[in-house]
Amino acid sequence: MDGDVPITIRYPWTEPPAPGEWTQIAEGVLWIRLPLPMALDHVNVYALDDGDGWTVVDTGMSSKKTRLIWERLMAGPLSDRPVNRVVVTHHHPDHVGNAGWFQTEHDAELVASRTSWLFARMLTLDEQESWPQETLDFYRSAGMATEVLSKRKADRPFNFADVVYPMPLGFTRIKQGDVIHMGGRDWDVHMGNGHAPEHATFWSRDDNLVLTGDQILSSISSNLGVYATEPMADPVSDWLEACERLETLARPDHLVLGGHKLPFLGLPTRMRQLIENHHGALERLLSDLDKPKAAAECFPALFKRPIKDGEYGLALVEAVAHLNHLYHIDAVTRTRRADGAWEYLRKG
């Protein structure tokens, strides 16, 4: 969902480091890329030189392949000192997946927001061998296509524990307004929301670096999804509030180190894009609701492109999120149809 803001975004590096390799971003800051088994096939993580050891920001998804890459890195550019600390930007598996491994096998301290740690710890302990009825009901309420729902029911449900290493008890909390010292710099902690609750971002006081996880990405929009755990959530409102607040911090010279895609310059422009993209999506969606529609029927208006099979799940939860926002601001009504799906209709 791209807006019409003039593009003034620049990419100092046009190519990412190869798996198991690294790029030095600034003194004491290494950019590392780890593979992911999905359409978005990578996650960016960062190693910061603390003098007596390393701080790792985000960890990749738990797998033997990813841990082999980490072991090669710890035998290579990180070999002179231990990884003493792992900082997690948010609780999603591609960011927290190996945090427990670093804690258990390398005696690293885990630093995270309280909400990130609680979500990650809870979800790793909540293993399901069959689909919970609440999840199936949620999919029906979103109007999930019958063939998609039937296929999902036939498969074992996704479990967080499949891709997140067991997490021991104990972490160090960071919160809004904290200052954390990493890589020879003091970083202000500012919390984002929307993509993940209490998502940590880090703004260097000593130079132009910003670590943003998935809260701010260079060329893609972070997924804003609603799930069966909180079916009436309004992550779009949370996202817009966070973007408007973080926009006041943005400088043109900030070098943004995100969780995916390439580091970039031009943060004020990108913040305006992120805000306007979702306002535009909401306007298109509201205009399209002249007749009742379920979430699964809103893809053309919301995304302006065909949704592939591998994207269907993320598209559905994002459609629910935008409809929930319109419902919460009293712009639409909703009624339950015979198959259990909520249909939304523009007011007026």
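We now turn to the structure provided with this report. Source: prediction; values computed, not measured. (Residues numbered from 1 in each chain as written. Predicted model: local features only at pLDDT ≥ 70, side-chain atom pairs only at ≥ 80, totals over all residues. Heavy atoms only, no water.)

Phi at Asp58 is positive, roughly 70°, even though this residue is not glycine. Asp58 gets classed as buried once you look at its relative accessible area, which sits at 2%. Unlike most non-glycine residues, Lys304 shows phi in positive territory, near 60°. Take Lys304: it is sitting in the loop between α9 (299–303) and α10 (312–328). (Buried < 20%, exposed > 50% of the residue type's maximum accessible area, 1.4 Å probe, protein only. Helix = DSSP H or I, 4+ residues; strand = E, 2+ residues; numbered from the N terminus.)

Let us now look at the pattern of salt bridges. Considering all chains together, one arrives at 20 salt bridges under this definition. Between Lys151 and Asp155 there is a salt bridge, with its nearest N and O atoms 3.5 Å apart. Overall, the relative accessible area of 57% leaves Lys151 in the exposed class. For the salt bridge of Arg205 with Asp188, the shortest nitrogen-to-oxygen distance reads 2.9 Å. Pair noted here: Arg205 is in the loop between β10 (199–204) and β11 (209–213) and Asp188 is in strand β9 (residues 185–192), with a separation of 17 residues, a long-range link. By relative accessible area, which is 53% here, Arg205 ends up exposed. (Salt bridge = Lys/Arg side-chain N within 4 Å of Asp/Glu carboxyl O.)

Moving on to the nonpolar core. Counting 49 residues, the largest nonpolar core has Ile216, Leu267, Met271, Leu289 and Leu316 as the members making the most contacts within it. Taken together, the elements giving at least two residues each to this core come down to α5 (133–141), α7 (235–247), α8 (267–288), α9, α10 and β14 (342–346). No other element matches the nine residues that α10 contributes to this core. Discounting residues that sit within four places of it in the chain, Leu316 has contacts with Tyr139, Ala142, Met144, Ala295, Ala296 and Phe299. Core analysis: the second largest hydrophobic core is formed by 32 residues, Val88, Phe102, Ala108 and Val164 among them. (Core = buried A, V, L, I, M, F, W, Y, C linked by side-chain atoms within 4.5 Å. Contact = heavy atoms within 4.5 Å.)

Pairing within the open sheet is mixed, and its five strands lie in the order β8-β9-β10-β11-β12. Each of the sheet's edge strands pairs with one partner strand only, and the pair in question is β8 (179–182) and β12 (255–258). The sheet shows a mean angle of 30° between the axes of neighbouring strands, taken without regard to direction. As judged from the four bridges shared by β8 and β9, these two strands associate in the antiparallel manner. Residue Val179 lies in a different strand from β9, and its bridge partner there is Asp188. (Pairing = 2+ DSSP bridges. Axes fitted to C-alpha atoms, helices over the stretch in contact; angles between N-to-C directions.)

Here we come to the layout of surface pockets. By volume, the second largest pocket is sized at about 240 Å³. Residue lining of the second largest pocket: 18 residues in total, with Phe138, Ser141, Pro231, Arg334 and Trp342 positioned closest to the centre. Ranked by the residues each element gives to the lining of the second largest pocket, the list is headed by α5, at five residues. Partitioning the lining of the second largest pocket into residue classes produces ten nonpolar, three polar and five charged. (1 Å grid on protein atoms, 1.4 Å probe; cavity = no way out; pocket = protein on both sides within 12 Å on 5 of 7 lines; lining within 4 Å. Points joined across faces, edges and corners; volume = space filled by probe spheres on them. Nonpolar A, V, L, I, M, F, W, Y, C, P; charged D, E, K, R; others polar.)

By the criterion of burial, strand β2 (residues 29–35) is predominantly enclosed, with seven of the seven residues buried. Both faces of β2 are covered, namely the face carrying Val29, Trp31, Arg33 and Pro35 and the face carrying Leu30, Ile32 and Leu34. Linkage of strand β1 (residues 23–26) to β2, two consecutive antiparallel strands, is achieved through a turn of two residues, within which Gly28 is found at a positive phi near 75°. Sheet topology places β2 next to strand β3 (residues 42–49); seven bridges connect them, and they run antiparallel. What sits directly across from Arg33, in β3, is Asn44.

We now examine the environment of Glu129. With respect to the secondary-structure elements, Glu129 resides in the loop between α4 (114–125) and α5. Considering only alpha carbons, one finds Glu129 and Ser150, 21 residues apart in sequence, at a separation of 16 Å. Dropping the residues within four chain positions of it, Glu129 is found in contact with Arg156 and Pro157. Reaching out from Glu129, the side chain makes a polar contact with the side chain of Arg156 at a distance of 3.2 Å. (Polar contact = N/O pair within 3.5 Å; in protein donor to acceptor, adjacent residues only side chain to side chain.)

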